[in-house]
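Now for the letters of each chain:
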Amino acid sequence: MLVSMRQMLDRAKAEKYAVAAPNTFNVETVEAAFKAASELKSPVIIDCAGVHDIELIAELTRFFDKRYPEVAVALNLDHGSTYEEAIRAIKAGFTSVMADRSTLPYEYNVTQVKEIVQAAHAVGVSVEAELGHVGMGYEYDKTRDGALTDPDEAVRFVKETDIDCLAVAVGTSHGSYKGEPRIEFDRLAAMHRKINIPLVLHGGSGTGDDNLRRAVKTGIQKVNLFTDLSNRGIGFMRNYLVDMRSDAEADAAATAGSVEPAGEFDGNAGTINLCDAFAEGAKGYKEALKHYMVLFGSAGKA
Ligand SMILES: [Zn+2]
């Protein structure tokens, strides 16, 4: 059942677990998210960024919502960057939008987020915003300390914007980390004490199970994930491609010192195909997602 993200995360906060928010972009990833949720009886948040086809993802979510009626699902625009994009997502049927103005000065962040909150709340859609800024892992060593969320400013921000959940910068980063992730649990604990709406952690991938488990325990209710799911999917797909190669290709690859199948693929006498390759990728994505649902304590909470 398609539900409001606020409602889903309020329950997670009351019962001290977090909901996984995997990034999706096509039929395989949306279906894998529903299957993972169904198999573990877990709620899930379908995250989709504006660079992808948000109308398609909304249609796919409605389709799988009918196929898996037991799954509690919220559909969230990830890193929405303009007012127009938020309205497009709302029109397409998203139950939540993120208004990411985290690189703007505080006053602009407040003004622009407030505008979207007014429009979204008018039609029962929840809003996520970010204060401080979660950067990119490849420049983690340079950006990690640059824009951590200030707990007192966060209290003010939540009050001024009337948002439904707040993405916080406490030392995580998007993509793969350059160096070791260092999470500020005291800062997170302070925000959990002072702020009564759900808190969101971006950049879950590569953060490590111990850090994520502790973050959820300290007060996180939504964890965004992509890179780890993508890597596992690619791993499954690669294994399939390698396992299904003909002996001649395997010999040629070994000689060339490469595991990549040739660009001009001959079909390997019909034993290897794109249909199965995509299915393997989706299986890896789903397995990684299920690992996190168990880790975050959302299994059995649908
Ligand atoms: Zn993010």
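Okay, so let's go over this structure. Model, not experiment: these values are computed from the prediction.

So, on to the coordination of the zinc ion. The zinc ion binds to the protein through His79 (NE2), His174 (NE2) and His202 (ND1); the donor distances cover 2.0 to 2.1 Å. Each donor residue of the zinc ion belongs to the same chain, with the gaps between them written as H-x94-H-x27-H. Pair noted here: His79 is in strand β3 (residues 73-80) and His202 is in the loop between β7 (199-201) and α9 (209-218), with a separation of 123 residues, a long-range link.

Attention shifts here to the layout of surface pockets. By volume, the largest pocket is sized at about 280 Å³. Looking at the largest pocket, it is lined by 19 residues, and the ones nearest its centre are Asn23, His174, Gly175, Phe226 and Thr227. For the lining of the largest pocket, the secondary-structure elements that each account for two or more residues are β3 and β8 (222-225). Taken together, the residues of the lining of the largest pocket break down into six nonpolar, twelve polar and one charged. When its volume is computed, the second largest pocket comes out at roughly 240 Å³. In terms of lining, the second largest pocket is formed by 14 residues, of which the most central are Phe25, Thr29, Met237, Gly281 and Ala282. At the level of elements, α2 (27-40), α10 (227-243) and α12 (274-296) are the ones that each hand at least two residues to the lining of the second largest pocket. For the lining of the second largest pocket, the element with the highest residue contribution is α10, accounting for five residues. For the lining of the second largest pocket, the class distribution of residues is eight nonpolar, five polar and one charged.

So, on to the side chain of Ser38. Checked against the element boundaries, Ser38 lands in helix α2. Among the residues examined, Ser38 registers a relative accessible area of 17% and is labelled buried. Beyond its immediate chain neighbours, meaning those up to four positions away, Ser38 contacts Tyr68, Glu70 and Val71.

Before going further, it helps to spend a moment on the nonpolar core. Counting residues in each nonpolar core, the largest one holds 68 residues, and the members touching the most others are Phe94, Val97, Phe157, Ile163, Leu166 and Phe296. If near-sequence neighbours (up to four positions away) are discounted, Phe296 is found in contact with Tyr17, Ala18, Val19, Ala20, Leu212, Val216, Val223 and Leu225.

Another point: the packing of helix α5 (residues 106-122) against helix α7 (residues 151-161). The interhelical angle for the contact between α5 and α7, taken along N-to-C directions, is 35°, at an axis separation of 9 Å. For the element pair α5 and α7, the recorded crossing hand is right-handed. Contact residues: α5 offers Tyr106, Glu107, Asn109, Val110, Val113, Lys114 and Val117, while α7 offers Glu153, Arg156, Phe157, Glu160 and Thr161. Grouping the constituent residues of the contact of α5 with α7 by class yields five nonpolar, two polar and five charged.

A few words on the packing of aromatic side chains. Tallying each qualifying case throughout the model produces eight aromatic pairs. Note on Phe34 and Tyr68: the rings are 6.1 Å apart at their centroids and 25° apart in plane angle, and the pair reads as stacked. Within this pair, whereas Phe34 is found in helix α2, its partner Tyr68 is found in the loop between α3 (54-67) and β3, the two being separated by 34 residues in sequence. Look at Phe34 and you get buried, because its relative accessible area is 0%. With centroids separated by 6.1 Å and ring planes inclined at 65°, the aromatic side chains of Tyr106 and Phe157 adopt a geometry described as edge-to-face. Taken together, the positions of Tyr106 in helix α5 and Phe157 in helix α7 put the pair 51 residues apart, joining distant regions of the chain. Across the pair, Phe157 and Tyr106 agree in class, each one buried.

This paragraph deals with the sheet that holds β7. Read from one edge to the other, the open sheet built from eight strands follows the order β1-β8-β7-β6-β5-β4-β3-β2, with strand pairing classed as parallel. Either end of the sheet is taken by a strand with one partner, and the two such strands are β1 (19-22) and β2 (44-49). Strand-to-strand twist in this sheet, taken as the mean axis angle between neighbours without regard to direction, amounts to 25°. Pairing geometry for strand β4 (residues 96-99) and strand β5 (residues 126-131), over four bridges, is parallel. Bridge pairing in β5 links Ser96 to Ser126.

Before going further, it helps to examine the pairing of strand β6 (residues 165-168). Side chains Cys165 and Ala167 project from β6 onto one buried face, and the interleaved Leu166 and Val168 project onto a second face that is buried too. Where β5 meets β6, four bridges bridge the pair, whose relative direction is parallel. Bridge assignment links Glu128 to a residue of β6, and that residue is Cys165. Here β6 pairs with β7 via three bridges, running parallel. Each residue of the ladder has a partner; that of Val168, found in β7, is Leu201. For the segment spanning β6, helix α8 (residues 185-194) and β7, crossover handedness is right-handed.

Conventions we followed
Going along each chain's sequence as written, the residues are numbered from 1 onward. The model is predicted, so local features are restricted to residues of pLDDT at least 70 and side-chain atom pairs to those at 80 or more, both for listing and for counting; the totals for chains, interfaces and linings are taken over all residues. With hydrogens and water excluded, all non-hydrogen atoms of the structure serve as input to the side-chain values. Here a donor is an N, O or S atom found within 2.8 Å of the metal, or within 3.2 Å if the metal is Na, K or Ca; sites may look incomplete because water is not among the atoms. Secondary structure elements follow DSSP: runs of H or I no shorter than four residues count as helices, runs of E no shorter than two count as strands, and numbering proceeds from the N terminus. Cavities and pockets were defined on a 1 Å grid built over protein atoms only: a cavity is a set of grid points that admits a 1.4 Å probe from which the probe cannot escape, a pocket is an open set flanked by protein on both sides within 12 Å along at least five of seven lines, and lining residues are those with an atom within 4 Å of any such point. Grid points are joined across faces, edges and corners, and a volume is the space filled by probe spheres set on the points. For this scheme, ten residues count as nonpolar: Ala, Val, Leu, Ile, Met, Phe, Trp, Tyr, Cys and Pro. Four count as charged, namely Asp, Glu, Lys and Arg, and the remainder, Gly too, count as polar. Buried, partly exposed and exposed residues are distinguished by accessible area as a fraction of the type maximum, computed with a 1.4 Å probe on protein chains only: under 20%, between the cut-offs, and over 50%, respectively. Every residue pair with non-hydrogen atoms within 4.5 Å of one another is taken to be in contact. Definition of nonpolar core: a set of buried residues of the types Ala, Val, Leu, Ile, Met, Phe, Trp, Tyr and Cys, connected through side-chain atoms within 4.5 Å. Only C-alpha atoms enter the line fits that serve as axes; for helices the fit covers just the stretch in contact. Angles between N-to-C directions range over 0 to 180 degrees. Crossings are assigned a handedness: left-handed for a near helix turned anticlockwise from the far helix by less than a right angle, right-handed for a clockwise turn. Centres within 6.5 Å are what make two rings of Phe, Tyr or Trp a pair, Trp counting through its six-membered ring; a difference in plane orientation under 30 degrees is then read as stacked, over 60 as edge-to-face, and the rest as tilted. Should DSSP find at least two bridges between two strands, the strands are taken to pair. For a crossover, the right-handed case is the one in which the path from the first strand over the helix to the second runs clockwise, viewed with the strands pointing away from the viewer.

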